[in-house]
Amino acid sequence: MLLSKHHPVPRILLVEDSEDTRELSRITLESQACEVAAVSTAEAALGLLRAGERYDLVFTDVCLGGVSGLEAAHLIQEYQPGLPVLVTSGLQPAEVLPRLTASMRFLPKPYTMTELLDAIRDTLQPPLAA
């Protein structure tokens, strides 16, 4: 099943420090015809991007050891403007939403795999023309 007509095989960079959550998310996304690079730190994700890897979307947790997912999201958008970023967290939305840019989306934890796929699909959709 394709997530998007615009991204027939979307490449997703998954940044999650919980091994169980990372693996479940990776398996779910791969079952939907996505290529997934799964890493446990923001530093590893930034390293992949700096090495020239290209992705259609970054999906990151906020609370990571070292550089936070929010810090990484902002650095990613500076480095690759236009790269969609989906941020997830168990923190209250009021703590996270004010720190997002207009091009970032938020998925609160806990989420179901259906909610994850819907959020990925929505994030990959091109913005509507004004």
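No experiment lies behind these values; they were computed from the predicted model shown.

Draft legend 1. Region of the structure containing the packing of aromatic side chains. Counted under the stated rule, the structure contains one aromatic pair. For the pair Phe-59 and Tyr-111, a centre-to-centre distance of 6.1 Å together with 65° between the ring planes defines the contact as edge-to-face. Pair noted here: Phe-59 is in strand 3 (residues 57-61) and Tyr-111 is in the loop between strand 5 (104-108) and helix 5 (113-124), with a separation of 52 residues, a long-range link.

Draft legend 2. Structural context of the nonpolar core. In this structure, Leu-13, Val-15, Val-58, Ile-76, Val-85, Val-87 and Leu-100 are the most contacted members of the largest nonpolar core, which totals 23 residues. Looking at this core, the elements with two or more residues in it are strand 1 (11-15), strand 2 (35-39), helix 2 (42-50), helix 3 (69-79), strand 4 (85-89) and strand 5. Here Val-15 is in contact with Val-39, Thr-41, Ala-42, Ala-45, Val-58, Phe-59, Thr-60, Asp-61 and Leu-64, once residues within four sequence places are set aside.

Draft legend 3. Examining unusual backbone geometry more closely. A cis geometry characterises the amide bond from Lys-109 onward to Pro-110, with omega recorded as -5°. Looking at where Pro-110 falls in the secondary structure, it is placed in the loop between strand 5 and helix 5. One non-glycine residue with positive phi stands out, namely Ala-33, at about 65°. Tracing the backbone through its elements, the reader meets Ala-33 in the loop between helix 1 (19-30) and strand 2.

How each quantity is defined
Residues numbered from 1 in each chain as written. Predicted model: local features only at pLDDT ≥ 70, side-chain atom pairs only at ≥ 80, totals over all residues. Heavy atoms only, no water. Phe/Tyr/Trp six-rings, centres within 6.5 Å; stacked < 30°, edge-to-face > 60°. Helix = DSSP H or I, 4+ residues; strand = E, 2+ residues; numbered from the N terminus. Core = buried A, V, L, I, M, F, W, Y, C linked by side-chain atoms within 4.5 Å. Buried < 20%, exposed > 50% of the residue type's maximum accessible area, 1.4 Å probe, protein only. Contact = heavy atoms within 4.5 Å.

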